[in-house]
Amino acid sequence: MPREDFIDVDSFSFFYGEKQALYDIDMDIPERQVTALIGPSGCGKSTLLRNMNRMNDLIDGVRHQGDIRLNGHSLYDPKVEVISLRKRVGMVFQKYNPFAKSIYENVVFSLRVAGRNRKKELDEVVERSLTSAALWDEVKDRLHDSAFGLSGGQQQRLCIARAIANQPEILLMDEPCAALDPTATLKIESLIRELKQQFTIVIVTHNMEQATRCSDRTAFLYMGRLIEYGPTLEIFENPKADETEAYISGRFS
Ligand SMILES: Nc1ncnc2c1ncn2[C@@H]1O[C@H](COP(=O)(O)OP(=O)(O)OP(=O)(O)O)[C@@H](O)[C@H]1O
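Described in the following lines is the structure provided in the data block. (Residues numbered from 1 in each chain as written. Predicted model: local features only at pLDDT ≥ 70, side-chain atom pairs only at ≥ 80, totals over all residues. Heavy atoms only, no water.)

### A short note on the overall build of the chain
- For the chain, the count of helices and strands is ten helices and ten strands.
- The C-alpha atoms of the chain give 18 Å as radius of gyration, which agrees with the globular expectation for 253 residues (18 Å, within 12%).
- Along the three orthogonal principal directions, the C-alpha set of the chain runs to about 55 × 45 × 40 Å.
- Counting only contacts in the chain whose residues sit at least 6 apart along the sequence, the fraction spanning at least 24 positions is 67%.
- Split by element, the accessible area of the chain, about 12000 Å² in all, is 49% carbon and sulfur.
- Counting 32 positive and 37 negative side-chain charges, the chain places the centres of these two groups 6 Å from one another. (Helix = DSSP H or I, 4+ residues; strand = E, 2+ residues; numbered from the N terminus. Rg over C-alpha atoms; globule rule 2.2 N^0.38 Å. Contact = heavy atoms within 4.5 Å. Areas by Shrake-Rupley, 256 points an atom, 1.4 Å probe, with all protein chains shown as cover. Lys, Arg positive; Asp, Glu negative; His and termini not counted. Charge placed at Lys NZ, Arg CZ, Asp CG, Glu CD.)

### Digging into the pairing of strand E7 (residues 170-174)
- By the criterion of burial, E7 is predominantly enclosed, with five of the five residues buried.
- With four bridges joining them, strand E6 (residues 89-92) and E7 adopt parallel strand pairing. What sits directly across from Met91, in E7, is Leu172.
- Of the strand pairs in this sheet, E7 and strand E8 (residues 200-204) are connected by five bridges, and their pairing is parallel. Bridge pairing in E8 places Leu171 opposite Ile201.
- For the segment spanning E7, helix H7 (residues 182-195) and E8, crossover handedness is right-handed. (Buried < 20%, exposed > 50% of the residue type's maximum accessible area, 1.4 Å probe, protein only. Pairing = 2+ DSSP bridges. Right-handed = clockwise from strand over helix to strand, strands pointing away.)

### As for the environment of Asp60
- Position of Asp60 among the secondary structure elements: in the loop between helix H1 (45-51) and strand E4 (62-70).
- It is 8.1 Å that separates the C-alpha atoms of Asp60 and Tyr16, two residues lying 44 residues apart in sequence.

### Some points on the side chain of Thr205
- Within the secondary structure, Thr205 is located in the loop between E8 and helix H8 (208-214).
- The buried category is assigned to Thr205, whose relative accessible area is 2%.
- Reaching out from Thr205, the side chain makes a polar contact with the side chain of Gln210 at a distance of 2.8 Å.
- When residues no more than four places from it in sequence are discounted, the contact partners of Thr205 are Ala36, Leu37, Ile38, Lys45, Glu175, Gln210 and Ala211. (Polar contact = N/O pair within 3.5 Å; in protein donor to acceptor, adjacent residues only side chain to side chain.)

### Focus on the site of the ligand
- For the ligand, the set of nearby residues contains 13 residues, the closest of which are Lys19, Ser41, Gly42, Lys45 and Thr47.
- In this structure, Lys19 approaches the ligand through a side-chain N or O atom, which is 3.4 Å from an oxygen atom.
- A distance of 2.5 Å separates an oxygen atom of the ligand from a polar side-chain atom of Thr47.
- The fraction of the free accessible surface of the ligand (630 Å²) that becomes covered by protein chains is 64%.
- Every element with two or more residues in the shell around the ligand is listed here: strand E2 (19-29) and H1.
- At three residues, H1 tops the list of elements feeding residues into the shell around the ligand. (Near = heavy atom within 4 Å.)

Structure, rendered in structure tokens:
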């Protein structure tokens, strides 16, 4: 049975120095579903997402209260190594950012860093990851060409292949379609719906149609607080909070 609280955000608050960006967030994110974080600019969507793999630790002067547990284990347990955590939690960013390397070397980058260089294994990972990212057929004859020769949408799918090469449990996506045209966007959205069979996905989006097209659950944040969270259809068709209603009907952005 998939776990309902695969990511368990428990009374979580977060501060950049004096500035509090998140207030007492409680949220259970289910396994192998797509959960969308929506809300106006500056409401804390990226901050919450980036705490799920402790990326915010890299910023000076940050601190948190409360906890986030992955599959029952605290991210902040002193025994957790951040490097192994990042293997469990892959991330894809707004601006696709392949390395200045071949398509093949982009996909296997993290394996090479970990000293895994067996050609047979790498070949398998490349085929599996590119297939999962719906890119294999388009690139299988030019795996050793530069990643920069791909279109924007293809480069983003390559970044997804790179993020899943290590078979993480969770895939975090921070506005993955923001830099893409509508056709490339639809392709990534259908890919997201496929990928949830294998991964638990959390996606930040400004695009409400995108949230309705590809997420199972939606969380609406406003000024650092979680205002409403539930099945996507309910949030969009029957929002309970006035702020959610105002946001989804476009009364503020
Ligand atoms: N590195 C930082 N240092 C200080 N404050 C920050 C930092 N990053 C974000 N903030 C502040 O934290 C709050 C939440 O920002 P965050 O980027 O999480 O919001 P967001 O909802 O993702 O916004 P957007 O949709 O514009 O990307 C904002 O007030 C922002 O100014």
